[in-house]
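# Coordinates in review
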Amino acid sequence: MKADHTSTSTGEAVEEALPRVLIVTAVEAEREAVLRGLRGSSRFHVIAAGAGTAAAAAGTAATLAAGSYGCVISAGIGGGFPGRAPVGSLALASEMIAADLGAETPEGFRSAAELGFGRVSVPGHSGTVQAVAAALAAAGLTVSTGPVLTVSTATGTAGTAAALAARHPGAVAEAMEGHGVAVAARHFGIAALELRAISNPVGPRDRAAWKINEAMDALAAAAAILLEVL
Ligand SMILES: O=C(O)c1cccc(C(=O)CC[C@H]2O[C@@H](n3cnc4c(=O)[nH]cnc43)[C@H](O)[C@@H]2O)c1
């Protein structure tokens, strides 16, 4: 998807016949950060659907059923895997993985896919992922592209962080909604992306150290680039 602008006789830029983009955040503060970056564009519809995959999937599906969209983005703050996505940077999902959908067994965690009862990963639309990553980097923003994990419980110990990193080599970030948004988008045959602004490292929980404002500013800056590239 690429922006296609024309001008009116007065020189005013208008967005013409471009597909609408749905952006799904968890909470209102994330929605407001995205809207700040979008500077009033009517082509982007931004909803705060609630935290977790169920709320995200339900909100996404209900919105897609009621309108026409070319692309859906799960966006918000997230945890970054140390050495891959530092606090204040951006993470863009090559795939959105339901990282704790499965079962504990005596041999350890087995994913739903390994157990034969479902897929746990939805790929991001590769052309769009590449275009967005390139545009963010060209704008001077720090962005890491790789698998983004969707978890029901935010990681709070070094042990869980290490286990997730071992199960998902190359994972750049974790959050709580991406896979739900992607599954809803797939149901409607629409491309999905996930974009996270990193507020905290994945690891031992230290909520007081989360850099929420820094992450919200990065999210707003990224939204301004989405406006140009999608
Ligand atoms: O307390 C606040 O001011 C505040 C402002 C905006 C958002 C929040 C959230 O707690 C958002 C919850 C949302 O954040 C994602 N998230 C962020 N870090 C992680 C993590 O390390 N692991 C998993 N999820 C994370 C997640 O998608 C939540 O829905 C608070």
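Scoring rules and cut-offs
- Residues numbered from 1 in each chain as written.
- Predicted model: local features only at pLDDT ≥ 70, side-chain atom pairs only at ≥ 80, totals over all residues.
- Heavy atoms only, no water.
- Helix = DSSP H or I, 4+ residues; strand = E, 2+ residues; numbered from the N terminus.
- Polar contact = N/O pair within 3.5 Å; in protein donor to acceptor, adjacent residues only side chain to side chain.
- Contact = heavy atoms within 4.5 Å.
- UniProt positions renumbered as here; feature names shortened; annotations may be inferred.
- Buried < 20%, exposed > 50% of the residue type's maximum accessible area, 1.4 Å probe, protein only.
- Pairing = 2+ DSSP bridges.
- Right-handed = clockwise from strand over helix to strand, strands pointing away.

### Description of the side chain of threonine 25
- In this fold, threonine 25 is placed in strand 3 (residues 21–25).
- A polar contact of 3.2 Å, which involves the side chain of threonine 25, links it to the backbone oxygen of valine 27.
- Residues contacting threonine 25, with those up to four places away along its chain left out, are Glu30, Arg31, Val34, Val46, Ile47, Ala48, Ala49, Gly50 and Ala75.

### Observations concerning the UniProt feature "domain: Nucleoside phosphorylase" (unreviewed entry) in the protein
- Within the UniProt annotation, "domain: Nucleoside phosphorylase" (unreviewed entry) is assigned to residues 40–225.
- Annotated as residues 40–225, this span is 33% helix and 31% strand, and its ends, taken at the C-alpha atoms, are 14 Å apart.

### Looking at the environment of glycine 50
- Relative to the helices and strands, glycine 50 resides in the loop between strand 4 (44–48) and helix 2 (53–66).
- On a C-alpha basis, the gap between glycine 50 and valine 24 in space is 9.0 Å, while along the polypeptide they are 26 residues apart.
- Sequence-distant contacts of glycine 50, that is, excluding residues within four places in its chain, are made with Thr25, Ala26, Ala55, Ala56 and Glu177.

### Some words on the pairing of strand 10 (residues 143–150)
- For strand 10, the buried fraction is high: six of the eight residues fall into the buried class.
- Pairing of strand 6 (residues 90–98) with strand 10 involves seven bridges; the strand directions are parallel. In the sheet register, leucine 90 faces strand 10, and the bridge partner there is valine 143.
- Bridge count between strand 10 and strand 11 (residues 173–175): three bridges; the pairing is parallel. Within strand 11, the position partnered with valine 148 by the bridge is alanine 173.
- The parallel pair strand 10 and strand 11, bridged by helix 4 (residues 158–167), forms a crossover whose chirality is right-handed.

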